[in-house]
Amino acid sequence: MSNETTLKHLNTALQMELTATHQYQLHAHVLEDWGLDLLAAKMREESSEETGHSNRFLERIFELDGEPEMAFNATPKVAKSLRNMFEMDMADEKEAIDFYTKAAKDAFAADDLKTKRLFESIAIDEVGHKNWLDLQLSLIERIGEQNYASKYVSGADAGED
């Protein structure tokens with residue numbers, strides 16, 4: 001694998017993380033609109049973590065004297081339900097894990113251990129996200145979306161008009 005291929009993978013990863021950052025940001029606003037403020041806060045944390053990932057990819061691109069391609073990999077979408085939100089995120093996490101795993105193997109083949117480690121580290125973070133999403137979808141399946149959602153309402157505005 002050439003430096004050019006490494007940089008292509010890093011830019012693809014950067015674009016995936018920029019998309020994820022804004023997808024979670026959009027989710028947070030949708031959840032606020034639905035009154036699920038506690039879950040919205042969780043999505044803001046996810047957005048911040050994805051921003052951290054994009055920063056790590058940017059740093060590596062610059063270390064390799066590359067030029068970052070600041071663009072979305074896909075257009076963030078508004079979810080229609082919690083199940084739909086988590087299923088969309090699950091598909092994105094699976095795609096990221098598959099891509100980062102392949103990119104890590106390619107970096108190893110090119111003797112670029114630093115880039116390999118970067119891809120592996122972020123893939124492991126994404127596995128954590130996937131596991132959390134698996135649990136949320138399982139809970140929705142077992143207790144229903146309405147019961148699930150009820151645990152994410154703080155009730156902070158209950159006394160206001």
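As the structure is a prediction and not an experimental result, all values here were calculated from the model. (Residues numbered from 1 in each chain as written. Predicted model: local features only at pLDDT ≥ 70, side-chain atom pairs only at ≥ 80, totals over all residues. Heavy atoms only, no water.)

Counting across every chain of the model gives eight aromatic pairs. Note on Tyr-100 and Phe-119: the rings are 5.9 Å apart at their centroids and 35 degrees apart in plane angle, and the pair reads as tilted. Remark: Phe-119 occurs in helix 4 (residues 113-143) and Tyr-100 occurs in helix 3 (residues 82-109); sequence separation between them is 19 residues. Exposure remark for Tyr-100: the relative accessible area of 0% places this residue in the buried category. (Phe/Tyr/Trp six-rings, centres within 6.5 Å; stacked < 30°, edge-to-face > 60°. Helix = DSSP H or I, 4+ residues; strand = E, 2+ residues; numbered from the N terminus. Buried < 20%, exposed > 50% of the residue type's maximum accessible area, 1.4 Å probe, protein only.)

The phi angle at Asp-65 is positive, at roughly 60 degrees, despite the residue not being glycine. When you line up the elements, Asp-65 lands in the loop between helix 2 (37-63) and helix 3. The phi torsion at Asp-111 lies on the positive side, around 60 degrees, for a residue other than glycine. Position of Asp-111 relative to the elements: it lies in the loop between helix 3 and helix 4.

Moving on, we come to the nonpolar core. Judged by nonpolar contacts, the single largest core of 21 residues is most densely connected at Leu-31, Leu-36, Leu-39, Met-43, Leu-82, Phe-86 and Tyr-148. Among the elements of the structure, helix 1 (3-33), helix 2, helix 3, helix 4 and helix 5 (145-150) are those that each provide at least two residues to this core. Tallying contributions element by element places helix 3 first for this core, with five residues. Setting aside its immediate chain neighbours within four residues, Leu-39 contacts Leu-31, Leu-82, Phe-86, Trp-132, Tyr-148 and Tyr-152. With 19 residues, the next largest nonpolar core counts Leu-58, Phe-99, Tyr-100 and Ala-104 among its residues. (Core = buried A, V, L, I, M, F, W, Y, C linked by side-chain atoms within 4.5 Å. Contact = heavy atoms within 4.5 Å.)

Listed under "binding site: Fe cation 1" (unreviewed entry) in the UniProt record, and renumbered for this structure, are Glu-17, Glu-50, His-53 and Glu-126. In sequence the annotated residues extend across 110 residues, while in space they remain close, none of their C-alpha pairs exceeding 10.7 Å. Counting through the fold element by element, Glu-50 comes out in helix 2. Leave out the neighbours within four places in its chain, and Glu-50 touches Glu-17, Ala-20, Thr-21, Tyr-24, Glu-93, Glu-126 and His-129. Looking at the element boundaries, His-53 is found in helix 2. Given the relative accessible area of 2%, His-53 is considered buried. Discounting chain neighbours no more than four positions away, the residues touching His-53 are Glu-17, Ile-122, Asp-125, Glu-126 and His-129. (UniProt positions renumbered as here; feature names shortened; annotations may be inferred.)

Here we take up the side chain of Glu-17. Mapped onto the fold, Glu-17 is located in helix 1. Buried charge without a partner: Glu-17 forms no salt bridge, and the closest opposite charge is Arg-56, 9.1 Å away. Reaching out from Glu-17, the side chain makes a polar contact with the side chain of His-53 at a distance of 3.2 Å. Setting aside residues up to four positions removed in sequence, Glu-17 forms contacts with Glu-50, His-53, Ser-54, Phe-57, Tyr-100, Ile-122 and Glu-126. (Lys, Arg positive; Asp, Glu negative; His and termini not counted. Salt bridge = Lys/Arg side-chain N within 4 Å of Asp/Glu carboxyl O. Polar contact = N/O pair within 3.5 Å; in protein donor to acceptor, adjacent residues only side chain to side chain.)

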